[in-house]
Structures are given as structure tokens and as C-alpha cells.
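A look at the structure
Here is what each chain is made of, one letter per residue.
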Amino acid sequence: LEPTKRRNKMENRRRIALLLRVQLLVLLVLSSILVISNALSEEYRAEQYHARGYTWPPSFFIPETEGWATLASRRFEQAAFVPTVKEKYDLWLQSVSSAYIQPNFTETGWGLTRA
């Protein structure tokens, strides 16, 4: 009698584990479908990008000086020649950050000055 109870418990645990796996799989499939169906199309994204007045490649930099624009433009051009996706992403992220977000205090960014 004891081995039969143990066997039944094991079978019940296996059934519950299988049921949980199936439920998880169904949940993943349904959530994937929702994410995909709510994603923006590339056409809509591009339309909204231009409707907001954005351009690519960038047409202005902060600060709007000739030296900084030359330096920032060169960095964006260099991204085309970076070999790996990760390095390219890192360069884009750093370039966008320095060209638009971080403050610059000289014509070429953080240039050297005499005291």
C-alpha cells in the first residue's frame, strides 16, 4: 500500500509540473502575440519621426559651433566602419550622447585651454 501511494504522489506531481509548463508556454505565446500586434510599423515610425521635424543624419549639434559640428559629424560617419554590432551600438550611443545631451564648454567639446 505504501509504494502505491508514493507512486500516485509522484504521478500527481509530474502532472502538475506538466500542466504548469503548458500554462507557461501558452502565456508566453499569447504575450508574444500581443507584443507583436501592438508594435509600430516602420512606415508609421518613420512618418512620426519626420512629422516631429527630426532628420538623419543630424543637422544640428549642441553647441551649434562649426568645430563641434565637424567633430560630431565625423564620429557619426565613423560608425559605418565599426566591425561589430556591439561596438557600433556603443559608438552611436556615445556619439548621440555627446552631440546632443552632454554639455560642451569649448568649440570642440572638452578642449584644452590655457589658464
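Our subject is the structure listed above.
Keep in mind it's a predicted model, so treat the numbers as computed, not measured. (Residues numbered from 1 in each chain as written. Predicted model: local features only at pLDDT ≥ 70, side-chain atom pairs only at ≥ 80, totals over all residues. Heavy atoms only, no water.)

This part takes up the overall build of the protein. Looking only at helices and strands, the protein has four helices and zero strands in total. Start at the N end of the protein and walk to the C end: the helices and strands fall as α-α-α-α. With 115 residues in all, the protein has 13% of them scored as buried. A separation of at least 24 residues holds for 44% of the contacts in the protein among residues at least 6 apart in sequence. With the model as given, the accessible surface of the protein reaches about 10,200 Å², and the carbon-plus-sulfur share is 63%. (Helix = DSSP H or I, 4+ residues; strand = E, 2+ residues; numbered from the N terminus. Buried < 20%, exposed > 50% of the residue type's maximum accessible area, 1.4 Å probe, protein only. Contact = heavy atoms within 4.5 Å. Areas by Shrake-Rupley, 256 points an atom, 1.4 Å probe, with all protein chains shown as cover.)

To continue, consider the pattern of salt bridges. When charged atoms on two side chains of opposite charge get close, those side chains can pair. Counted according to the given criterion, the structure contains three salt bridges. The residue Arg15 makes a salt bridge to Glu11 at a minimum N-O spacing of 3.9 Å. Of this pair, Arg15 and Glu11 both sit in helix H1 (residues 2–38), four residues apart, which is roughly one turn of the helix. Residue classification places Arg15 among the exposed positions, given a relative accessible area of 54%. Under the relative-accessibility criterion, Glu11 is labelled partly exposed at 33%. With a closest N to O distance of 2.9 Å, Lys86 and Asp90 form a salt bridge. Taken together, the residues span about one helical turn, with Lys86 and Asp90 both in helix H4 (residues 85–101) at a distance of four residues. (Salt bridge = Lys/Arg side-chain N within 4 Å of Asp/Glu carboxyl O.)

Running from amino to carboxyl end, helix H3 (residues 66–78) crosses H4 at an angle of 165°, the nearest separation of the two axes being 10 Å. Our classification of the angle between H3 and H4 gives roughly antiparallel. The crossing of H3 and H4 is left-handed. Every residue of H4 that contacts H3 at Trp68, Ala72, Arg75, Phe76 and Gln78 is listed here: Leu91, Trp92, Gln94, Ser95, Val96, Ser98, Ala99 and Tyr100. (Axes fitted to C-alpha atoms, helices over the stretch in contact; angles between N-to-C directions. Parallel < 35°, antiparallel > 145°, perpendicular 65-115°, else oblique. Left-handed = near helix turned anticlockwise from the far one by under 90°.)

Our focus in this paragraph is the nonpolar core. One finds Phe61, Trp68, Ala72, Phe76 and Ala99 forming the largest nonpolar core, which totals five residues. In terms of residue count, H3 provides more of this core than any other element does, three residues in total. Excluding its chain neighbours within four sequence positions, the residues that come into contact with Ala99 are Phe61, Ile62, Trp68, Ala72 and Phe76. (Core = buried A, V, L, I, M, F, W, Y, C linked by side-chain atoms within 4.5 Å.)

A cluster of nonpolar side chains, contributed by Leu18, Val22, Leu25, Val26, Val29, Leu30 and Ile33, occupies part of the molecular surface with about 630 Å² of accessible area. By secondary structure assignment, the location of Ile33 is in helix H1. (Patch = residues over 30% accessible without salt bridge, like charges linked within 9 Å, V, L, I, M, F, W, Y side chains within 5 Å.)

For the rest of this paragraph, the subject is the packing of aromatic side chains. Applying the stated criterion across every chain, the model contains three aromatic pairs. Ring geometry for Tyr49 versus Tyr54: centroids 5.3 Å apart, planes at 45°, classification tilted. Residue classification places Tyr49 among the partly exposed residues on the basis of a relative accessible area of 23%. Plain terms: the ring middles of Phe61 and Phe76 are 6.2 Å apart, the flat faces sit at 25° to each other, and that makes the pair stacked. (Phe/Tyr/Trp six-rings, centres within 6.5 Å; stacked < 30°, edge-to-face > 60°.)

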